[in-house]
Amino acid sequence: MSSSVEFILPVLNEEKVISASVLAIHNFLEAHFKDYTWQITIADNGSTDKTADISEILSTKFDRVNYVRIAQKGRGRALKQCWTSSKSDIVAYMDIDLSTQLDDIRPLLDSISKNKFDVAIGSRLIKGSVVEGRSRKREFTSRTYNKIIQLVFSVHFKDAQCGFKAIRRSTADQIAPLIKDNGWFFDTELLIVADKCDYRIKEVPVRWSDDPDTRVKIFSTALYDLYGLARLKFGGLRSVKSKLKSNT
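Residues numbered from 1 in each chain as written. Predicted model: local features only at pLDDT ≥ 70, side-chain atom pairs only at ≥ 80, totals over all residues. Heavy atoms only, no water.

Caption draft 1: The pairing of strand E5 (residues 119-123), seen in detail. Across the five residues that make up E5, a large majority, five, are buried. Of the two faces of E5, the one lined by Val119, Ile121 and Ser123 and the one lined by Ala120 and Gly122 are each fully buried. The pairing of E5 with strand E7 (residues 164-168) spans three bridges and is classified as antiparallel. What sits directly across from Ile121, in E7, is Lys165. (Buried < 20%, exposed > 50% of the residue type's maximum accessible area, 1.4 Å probe, protein only. Helix = DSSP H or I, 4+ residues; strand = E, 2+ residues; numbered from the N terminus. Pairing = 2+ DSSP bridges.)

Caption draft 2: Region of the structure containing the pattern of salt bridges. Applying the stated rule across the entire model yields 17 salt bridges. A salt bridge links Asp187 to Arg75; the shortest N-O distance between them is 3.0 Å. Here the residue Asp187 occupies a position in helix H7 (residues 186-196), and Arg75 occupies one in helix H3 (residues 75-85), the gap between them amounting to 112 residues. By relative accessible area, Arg75 is classed as buried at 12%. What you see here is one network of salt bridges that share partners, running through Arg134, Arg138, Glu139, Arg143 and Asp210. (Salt bridge = Lys/Arg side-chain N within 4 Å of Asp/Glu carboxyl O.)

Caption draft 3: The state of the cysteines, seen in detail. Within the structure shown, the criterion is met by zero disulfides. Its sulfur unpaired, Cys82 is 20 Å from the next cysteine sulfur, which belongs to Cys162. Take Cys82: its relative accessible area is 3%, and that puts it in the buried class. (Disulfide = S-S within 2.5 Å.)

Caption draft 4: Looking closely at the packing of helix H1 (residues 18-32) against helix H2 (residues 51-61). Direction vectors running N to C along H1 and H2 enclose 30 degrees, while the axes themselves pass 10 Å from each other. Overall, the two elements H1 and H2 adopt an arrangement that is roughly parallel. Relative to H2, the crossing made by H1 is right-handed. Residues Ile18, Ser19 and Val22 of H1 lie in contact with H2, whose contacting residues are Thr51, Ile54, Ser55 and Leu58. Of the residues assigned to the contact of H1 with H2, the class counts are four nonpolar, three polar and no charged. (Axes fitted to C-alpha atoms, helices over the stretch in contact; angles between N-to-C directions. Parallel < 35°, antiparallel > 145°, perpendicular 65-115°, else oblique. Left-handed = near helix turned anticlockwise from the far one by under 90°. Contact = heavy atoms within 4.5 Å. Nonpolar A, V, L, I, M, F, W, Y, C, P; charged D, E, K, R; others polar.)

Here is the structure:
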């Protein structure tokens, strides 16, 4: 029996790229993933441009494209809601700008469906990865942030922030409702919790092309993430582990 997977595409004001990106993902999955039962869900978290209109058209045109409108902003909020409401065996997400090459989807999903990992993440910081178009400032900030995570929490993964992840839905059902952050820190919090609670994480190298039109503000995001790390270190992680233990 084939595994089923639902790809969540969290979007916020992406009218310029959403149509081309969804079409590219749809056509790629249709051509190369006949061994999976798959669907795509556009998770619009608070767009004010034409993203909603375009998404509605796409969901009408393609049977395996769904559209969900989430009133409040927050990538983490969108992923949490869509992952925990999914009926698929595997839930995943990738950035709508397609910074990650679509060929990298196969090792990500197979890590869970065939190799029995609980979580699979793309990495730009391990052997075999290729990163193009990234500024020295962004590269330095990313490497420093991930090094802090490893030093403070002694985790086994290298890249917490790559917008390319998959998780067994049963694992998402256990962990995601306990993740406090609803924004950019959601990824990091999820991975730290998974690692420290002994879920099996597979890190796969990716070919990554940095988006020159990115709207992520490096300094403010870094401060926000450091606050999140402090929250987890001083009580937050212990609380989540306790809740997970009581639920099992």
